[in-house]
Amino acid sequence: MIYKDFQISPEELPEKEVWFAMGYKDSVPEQMIQEMVRQVRDAIVPKAVLRYMFQIVEASKLSARQVLFAGKTFTPEGIICSYLKGMTHALLFIGSAGWEYDRAKEEMKADGDIVADFIADSIGTVLAEMTVAQIEKDYDGPETISMPYSPGYCDWDIREQHLLFSLFPEKPCGVILSDTSLMAPEKSVSGFFALGETLQRQPYHCEICKNKRCFKRRNA
């Protein structure tokens, strides 16, 4: 089991990803909004402590809908499973922007600026995703590594987070999982990377996904 916590400077936060999380997609916000993003970034990011935990387990594809991780059967469904040919292991992960981020966001929310609160929320989304990107950077195994996949996306039942968390110590990275499968801190992520010597890394194909509410969805 690998654990890491780290911090980033405000300048390391990818601005375009924050704009995307805010709903701008590939467009550029007006200058006033850009300046607000930087102001909120400078107030939030230095206080955030990012964390991740991961482990590598034996894995196999059981069918077009199911996989086996560490002896437990998961059902990520057809879209995800279609990317897993050649998988022999899986890197299971939990990541979080941390309780420190939550407290910084609550302090900002107390000021009553709903735009700043919205920006802070978008920054938290990007911080959580940066933990996943850092895991991929830190992985140094010989196998090909897939894109990351998480419960709740691509028809994968979010309730399987309980099964995933059962393979980790209690409160990994300080993350608490509720009975309804929601994580706290809110800006936390869980999921897996597939690993395999003959695995072929494939990009996301959002045009075949039925989840119209996914904020990462890109028009085909």
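In this text, all values refer to a predicted model and were calculated from it rather than measured experimentally. (Residues numbered from 1 in each chain as written. Predicted model: local features only at pLDDT ≥ 70, side-chain atom pairs only at ≥ 80, totals over all residues. Heavy atoms only, no water.)

### Some points on the overall build of the chain
Line of reasoning, step 1. Scanning the chain for helices and strands turns up six helices and nine strands.
Line of reasoning, step 2. What you see for the chain is a C-alpha radius of gyration of 18 Å, in line with the 17 Å of a compact globule of 220 residues.
Line of reasoning, step 3. A principal-axis box enclosing the C-alpha atoms of the chain has dimensions of 50 × 40 × 35 Å.
Line of reasoning, step 4. Residues classed as buried in the chain amount to 49% of the 220 residues present. (Helix = DSSP H or I, 4+ residues; strand = E, 2+ residues; numbered from the N terminus. Rg over C-alpha atoms; globule rule 2.2 N^0.38 Å. Buried < 20%, exposed > 50% of the residue type's maximum accessible area, 1.4 Å probe, protein only.)

### Re the nonpolar core
Line of reasoning, step 1. By size, the foremost hydrophobic cluster in this structure holds 38 residues, and its most contacted members are Leu-13, Val-40, Ile-44, Leu-91, Phe-93, Ile-123 and Leu-127.
Line of reasoning, step 2. Going through the elements one at a time, helix 1 (15-24), helix 2 (31-44), strand 2 (50-61), strand 5 (89-96), helix 4 (98-109), helix 5 (114-138) and strand 9 (188-196) are the ones with two or more residues in this core.
Line of reasoning, step 3. No other element matches the 10 residues that helix 5 contributes to this core.
Line of reasoning, step 4. When residues no more than four places from it in sequence are discounted, the contact partners of Leu-91 are Phe-54, Gln-55, Ile-56, Ile-135, Tyr-139, Gly-191, Phe-192, Phe-193 and Leu-195.
Line of reasoning, step 5. One finds Leu-92, Cys-154, Cys-173 and Leu-199 within the second-largest nonpolar core, a separate group that totals 30 residues. (Core = buried A, V, L, I, M, F, W, Y, C linked by side-chain atoms within 4.5 Å. Contact = heavy atoms within 4.5 Å.)

### Comments concerning helix 2
Every α-helix carries 3.6 residues per turn, so stepping three or four residues along brings you back to the same face.
Line of reasoning, step 1. An ideal rise of 1.5 Å per residue puts 20 Å on 14 residues; helix 2 measures up with 20 Å between its terminal C-alpha atoms.
Line of reasoning, step 2. Three or more residues of helix 2 are buried, namely Ile-33, Gln-34, Met-36, Val-37, Val-40, Arg-41 and Ile-44. Down the axis of helix 2, the sector holding all buried residues measures 160 degrees, keeping them to one side. Exposed and facing more than 90 degrees away from the buried side of helix 2 are Gln-31 and Met-32.
Line of reasoning, step 3. If you follow the buried residues of helix 2, they end up packed against helix 1, helix 4 and helix 5. (Expected span 1.5 Å × (residues − 1). Arc of directions from axis to C-beta.)

### Let's talk about the pairing of strand 5
Line of reasoning, step 1. Among the eight residues in strand 5, seven count as buried, and that is most of the element.
Line of reasoning, step 2. Note that strand 2 and strand 5 share eight bridges and pair antiparallel. Paired with Arg-51 across the bridge in strand 5 is Ser-96.
Line of reasoning, step 3. Pairing of strand 5 with strand 9, which is carried by eight bridges, proceeds in the antiparallel orientation. Paired with Ser-96 across the two strands is Ser-188, which belongs to strand 9. (Pairing = 2+ DSSP bridges.)

### Comments concerning the pattern of salt bridges
Two side chains that carry opposite charge are able to pair once their charged atoms sit near each other.
Line of reasoning, step 1. If you walk through the whole model with that rule in mind, you get 11 salt bridges.
Line of reasoning, step 2. Two residues, Lys-47 and Glu-107, come together in a salt bridge whose shortest N-O distance is 3.2 Å. With a gap of 60 residues between them, Lys-47 in the loop between helix 2 and strand 2 and Glu-107 in helix 4 connect regions that are remote in the sequence.
Line of reasoning, step 3. Overall, Lys-47 belongs to the partly exposed group, its relative accessible area being 42%.
Line of reasoning, step 4. Three or more residues joined by partner-sharing salt bridges are found here, namely Glu-15, Glu-35 and Arg-38. (Salt bridge = Lys/Arg side-chain N within 4 Å of Asp/Glu carboxyl O.)

### What to know about the packing of helix 2 against helix 5
Line of reasoning, step 1. As a packed pair, helix 2 and helix 5 sit with axes 9 Å apart at the nearest point and diverge in direction by 65 degrees. Along this stretch, helix 2 crosses helix 5, giving a crossing that reads as right-handed. Contacts between helix 2 and helix 5 involve Met-36, Val-37, Val-40, Arg-41 and Ile-44 on the former and, on the latter, Val-115, Ala-116, Ile-119, Ala-120 and Ile-123.
Line of reasoning, step 2. A breakdown of the residues in the contact of helix 2 with helix 5 according to their chemical character gives nine nonpolar, no polar and one charged. (Axes fitted to C-alpha atoms, helices over the stretch in contact; angles between N-to-C directions. Left-handed = near helix turned anticlockwise from the far one by under 90°. Nonpolar A, V, L, I, M, F, W, Y, C, P; charged D, E, K, R; others polar.)

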